[in-house]
Amino acid sequence: MVVKIRIENVVATTSVGAELDLKAIALALDGAEYEPEQFPGIVYRIKEPKTATLLFRSGKLVCTGAKSIDDVHTAIKTVIQRVSEAGIRVTKEPKIEVQNIVASSDLQTDLNLNAIAISLGLDRVEYEPEQFPGLVYRIDDPKVVALLFGSGKIVCTGAKKTDDIKVAVQKIYDELNTAGLLKRA
């Protein structure tokens, strides 16, 4: 079975190769939020793609909220272009590194998390339903963390590539299916 995956958030970082004058940028960029008493950087949101980029004095940028890696590239390019148009010198082609991809999936069946915890092995899972309703499953290859819920929903985090999410969810599906833990409707 092919399990559908939806990317919820891509977080990526880059550097513009120069220190930034945050006061000047905050004044030049429409909608930039800069309150140094509360947070040491600028929060700059754009509508297309819908993202928030954090700009720090060091020249580091963190882009969050993107729904794809392409959106990250578009958002960072847009932010750098607007900073540049405001008369602030920055590197036009920075190296972008994906730090984390969060995605969700649905196995379309209820899961018995107690049985899954025993089947997958207590060395790889954390399941304390009194503390948190999901089962935390740490996968070594690809290195991601999956949260499994009784509803059959899965949230994967920690991936650096979208393929890692696909491989991890398929691996979970295959392991649960092989162990006879997927009840088909």
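It is not clear to me how the packing of aromatic side chains should be interpreted in this structure. Could you clarify?
Aromatic rings in a pair are described by how distant their centres are and how their planes are angled relative to each other. In total, this model carries two aromatic pairs according to the counting rule given. Ring geometry for Phe132 and Phe149: centres 5.9 Å apart, planes at 65°, overall edge-to-face. With Phe132 in the loop between strand S7 (125–126) and strand S8 (135–139) and Phe149 in the loop between strand S9 (144–148) and strand S10 (153–159), this residue pair connects regions lying 17 residues apart in the sequence. Residue classification places Phe132 among the partly exposed residues on the basis of a relative accessible area of 35%.

Where do I start with the nonpolar core in this structure?
Across soluble globular proteins, nonpolar side chains have a tendency to be buried as a group. Counting 53 residues, the largest nonpolar core has Leu20, Leu55, Ile116, Tyr137, Leu148 and Leu176 as the members making the most contacts within it. Every residue in contact with Ile116, bar those within four places of it in the chain, is listed here: Leu111, Leu135, Leu148, Leu176 and Leu181.

Even after reading the chapter, I still don't get the sheet that holds strand S1 (residues 5–15), so can you show me in this structure?
Sheets are built from strands paired through backbone hydrogen bonds, the pairs being either parallel or antiparallel. Spatially, the 10 strands line up as an open sheet ordered S2-S3-S4-S5-S1-S6-S10-S9-S8-S7, and their pairing is antiparallel. Looking at which strands have only one partner, the edges of the open sheet turn out to be strand S2 (33–34) and S7. Pairing between S1 and strand S5 (residues 60–66): five bridges, direction antiparallel. Opposite Thr14, over in S5, you have Leu61 as the bridge partner. Most of the contacts of helix H2 (residues 69–85) go to S5, to which it runs at about 135°, and overall it touches S1, strand S3 (41–46), strand S4 (51–56), S5 and strand S6 (97–106). Against the sheet, helix H3 (residues 113–120) makes contact with S7, S8 and S9, and its axis sits at roughly 25° relative to S8, the strand it touches most.

Whenever I open this one, the confidence of the model for the chain confuses me. Can you help?
Where the model shows low pLDDT, its predicted coordinates should not be examined in detail. Taken as a whole, the chain shows an average pLDDT of 93; of its residues, 98% reach a score of 70 or greater. Across the chain, the secondary-structure element scoring lowest on mean pLDDT is H3, at 92, and the one scoring highest is S4, at 98.

I would appreciate a short explanation of the pattern of salt bridges in the present structure.
For side chains of opposite charge, pairing can occur when their charged atoms come near one another. Considering all chains together, one arrives at nine salt bridges under this definition. Among the ionic pairs, Lys95 bridges to Glu97, the shortest N-O distance being 3.6 Å. Lys95 gets classed as exposed once you look at its relative accessible area, which sits at 65%. When its relative accessible area of 41% is taken as the criterion, Glu97 is described as partly exposed.

Mind showing me how you'd approach helix H4 (residues 162–178) here?
Three- or four-residue spacings in an α-helix give side chains the same orientation, since the helix completes a turn every 3.6 residues. Between the first and last C-alpha of H4 there are 24 Å, a value that for 17 residues agrees with the 24 Å anticipated at 1.5 Å per step. Taken residue by residue, H4 has Asp164, Ile165, Ala168, Val169, Ile172, Tyr173 and Leu176 as its buried positions. All buried residues of H4 fall inside an arc of 165° around its axis, so they share one side. Residues of H4 that are buried in the fold lie against S1, S6, H3, S8, S9 and S10. Backbone geometry just after H4 places Gly180 at a positive phi near 70°.

Which parts of the structure should I look at to understand H3?
If you check which residues of H3 are buried, you get Leu113, Ile116, Ala117 and Leu120. Viewed along the axis of H3, the buried residues span an arc of 100°, placing them on a single side of the element. A side-chain oxygen of the first residue of H3 lies 3.1 Å from the backbone nitrogen of Asn114; this N-cap is Asn112.

Which parts of the structure should I look at to understand the pairing of S5?
Two faces belong to every sheet, and in a regular strand the side chains alternate between them. Judged from the four bridges that link them, S4 and S5 form a sheet pairing that is antiparallel. Each bridged residue has a counterpart across the sheet, and for Thr53 the counterpart in S5 is Cys63. Between the antiparallel neighbours S4 and S5 lie three residues, among them Gly59 with a positive phi of about 100°.

Whenever I open this one, the environment of Ile5 confuses me. Can you help?
Note on placement: Ile5 falls in strand S1. Given a relative accessible area of 30%, Ile5 falls into the partly exposed group. In the structure, Ile5 is positioned 53 residues away from Ser58 in sequence and 36 Å away in space, judged by C-alpha atoms. Once residues within four sequence positions are removed from consideration, Ile5 is found in contact with Ala103, Ser104, Ser105, Ile165, Lys166 and Val169.

The rules behind the values
Residues numbered from 1 in each chain as written. Predicted model: local features only at pLDDT ≥ 70, side-chain atom pairs only at ≥ 80, totals over all residues. Heavy atoms only, no water. Phe/Tyr/Trp six-rings, centres within 6.5 Å; stacked < 30°, edge-to-face > 60°. Helix = DSSP H or I, 4+ residues; strand = E, 2+ residues; numbered from the N terminus. Buried < 20%, exposed > 50% of the residue type's maximum accessible area, 1.4 Å probe, protein only. Core = buried A, V, L, I, M, F, W, Y, C linked by side-chain atoms within 4.5 Å. Contact = heavy atoms within 4.5 Å. Pairing = 2+ DSSP bridges. Axes fitted to C-alpha atoms, helices over the stretch in contact; angles between N-to-C directions. pLDDT = per-residue confidence, 0-100. Salt bridge = Lys/Arg side-chain N within 4 Å of Asp/Glu carboxyl O. Expected span 1.5 Å × (residues − 1). Arc of directions from axis to C-beta. Polar contact = N/O pair within 3.5 Å; in protein donor to acceptor, adjacent residues only side chain to side chain.

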